[in-house]
Amino acid sequence: LRSNKVFVTFVAIIILFLSYLSIPHVYNKVEIQKKLENQLFDKFGLDFNFTENFEYNFYPRPHFIIEESSILQKESNISDIKKLSIYVSLNNFFSLKNITIKDVILENANFNLNKNNSDFFLKLLDNNFLQSRFIVKNSNLFFKNDEEEVLFVNKIKDMKYYYDSKELKNLVNSDNEI
């Protein structure tokens, strides 16, 4: 009898936790998109443009996946992203206002840089990475001249922006191939 109560309690806790993780499914997608776009701009100074291919998963960690998004700078497109994953904090899903971004992962992105925006990756270091990371995986950087001719291509295998608590500063670690 006692083992049945323990089992039922354990199952109830699991069901409640999974229900809690599923709460973002009931929110309006347009409102979530606007909230995430605003947070990305506030946190990293990046103007993301999301498409309608937007979904939420709670395994392995709660996150939103956006297919085919882009980054805009001064109203021009500087990056096309095949897959953007935005991991959110577990703190409070009961209100859309309380959803906060933890980590951002860009996969299979193409960055189109030139002399006017060549400091894009350097400017990212000026942001607050104390509670979050910004990761770029399997992407390409195309550096172009004024005539839009590609001068070189940089393959970004894995790039991570994070805060190093030992050195007390933001760092970037990147595995590239030119």
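Please refer to the structure higher up on the page.
Keep in mind it's a predicted model, so treat the numbers as computed, not measured. (Residues numbered from 1 in each chain as written. Predicted model: local features only at pLDDT ≥ 70, side-chain atom pairs only at ≥ 80, totals over all residues. Heavy atoms only, no water.)

J.: An account of the side chain of Gln 33 is needed here, citing residue identities and associated values.
T.: Checked against the element boundaries, Gln 33 lands in helix α2 (residues 29–44). Apart from the residues lying within four places of it in its own chain, the contact partners of Gln 33 are Phe 50, Thr 51, Glu 52 and Phe 54. (Helix = DSSP H or I, 4+ residues; strand = E, 2+ residues; numbered from the N terminus. Contact = heavy atoms within 4.5 Å.)

J.: Explain the nonpolar core to me, and be specific about the residues and the numbers.
T.: One finds Phe 111, Phe 121 and Phe 134 to be the most contacted residues of the largest nonpolar core, which totals 41 residues. Ranked by the residues each element gives to this core, the list is headed by strand β5 (residues 101–113), at 6 residues. Sequence-distant contacts of Phe 121, defined by excluding residues within four places in its chain, comprise Phe 111, Leu 113, Leu 141, Ile 156, Met 159 and Tyr 161. (Core = buried A, V, L, I, M, F, W, Y, C linked by side-chain atoms within 4.5 Å. Buried < 20%, exposed > 50% of the residue type's maximum accessible area, 1.4 Å probe, protein only.)

J.: Which residues make up the side chain of Ser 89, and what values do they have?
T.: Assignment of secondary structure puts Ser 89 in the loop between β4 (76–88) and β5. Looking at Ser 89, its side chain comes within polar contact range of the main-chain nitrogen of Asn 91, at 3.2 Å. Leave out the neighbours within four places in its chain, and Ser 89 touches Thr 100 and Lys 102. (Polar contact = N/O pair within 3.5 Å; in protein donor to acceptor, adjacent residues only side chain to side chain.)

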